[in-house]
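Remarks on the overall topology
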Amino acid sequence: MNREDMGLLLAYGEWATGRVLQALDGVSVEAYVAPVAVPHGSLRGTLVHTLAAEVAWLRRWQGDSPARLMQETELPAVEALQVRWPQEMAARRAWFEQLTDRDLNAVVHYQTTRGRPMADVLWHMIAHVVNHGTQHRAEAAMLLTTYGHSPGDLDLIEYLRGMR
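So, here is what we can say about the structure in this document.

What counts and what doesn't
Residues numbered from 1 in each chain as written. Predicted model: local features only at pLDDT ≥ 70, side-chain atom pairs only at ≥ 80, totals over all residues. Heavy atoms only, no water. Helix = DSSP H or I, 4+ residues; strand = E, 2+ residues; numbered from the N terminus. Polar contact = N/O pair within 3.5 Å; in protein donor to acceptor, adjacent residues only side chain to side chain. Axes fitted to C-alpha atoms, helices over the stretch in contact; angles between N-to-C directions. Parallel < 35°, antiparallel > 145°, perpendicular 65-115°, else oblique. Left-handed = near helix turned anticlockwise from the far one by under 90°. Contact = heavy atoms within 4.5 Å. Salt bridge = Lys/Arg side-chain N within 4 Å of Asp/Glu carboxyl O. Buried < 20%, exposed > 50% of the residue type's maximum accessible area, 1.4 Å probe, protein only.

1. Overview of the environment of alanine 37
- With respect to the secondary-structure elements, alanine 37 resides in the loop between α2 (29-33) and α3 (43-61).
- Distance in space between the C-alpha atoms of alanine 37 and leucine 143 is 9.9 Å, their sequence separation being 106 residues.

Take a look at the structure:
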């Protein structure tokens, strides 16, 4: 894998996340925290889980293995999530800008939140994070659409067409 292609995937993920964050404007607190039949229990649970995973993976890539993921209580309001997520994306972008193709193909050793030792190729992990975000953004988009705040089309091809 090369830096240019991986950077494109990360940029796509940021674009799609930005659309979801923008769609949160006007969502009521009740809708944001309402229990729904999605794996993380609510719109807030879904989005905080997704951000928490992105934060944990970046820390692993930087040599620190967090023992726990961020919790919903750390981002109780929509506005807190809308402020924090762009900060984390900027931190990841700054980290990524320092990488080489060789770095992307290197094996990274880390521990899961349960302390289990793991080792994976860096670009595999980055691709996983983009894919993981796609899954949960789709869940969030479905909920946002139900609440009358659709983020619109989040497909990769739409992002690529917008770059032309």
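Structure's up, so let's keep going.
2. Brief notes about the side chain of arginine 44
- Following the sequence through the fold, arginine 44 ends up in helix α3.
- In terms of polar contacts, arginine 44 uses its side chain to reach the backbone carbonyl oxygen of proline 76, at 3.3 Å.

3. Let's talk about the packing of helix α1 (residues 3-23) against helix α6 (residues 122-146)
- Where α1 meets α6, the closest approach of the two axes is 10 Å, and the angle between their N-to-C directions is 20 degrees. In terms of orientation, α1 and α6 fall into the roughly parallel class. Between α1 and α6 lies a crossing whose hand is left-handed. Mapping the contact onto sequence places Met6, Leu9, Leu10, Tyr12, Gly13, Ala16, Thr17, Val20 and Ala23 in α1 and Trp123, Ile126, Ala127, Val130, Thr134, Arg137, Ala140 and Leu144 in α6.

4. Description of the pattern of salt bridges
- With the rule as written, the count across this model stands at nine salt bridges.
- Glutamate 14 is the salt-bridge partner of arginine 92, the closest N and O atoms lying 4.0 Å from each other. One end of the pair, arginine 92, is in helix α4 (residues 78-97); the other, glutamate 14, is in helix α1, and 78 residues separate them in sequence.
- Note on arginine 92: relative accessible area 6%, which makes it buried.
- When salt bridges that share partners are traced, they join Glu14, Glu54, Arg92 and Arg93 into one network.

Any functional reading would require information beyond the geometric quantities listed.
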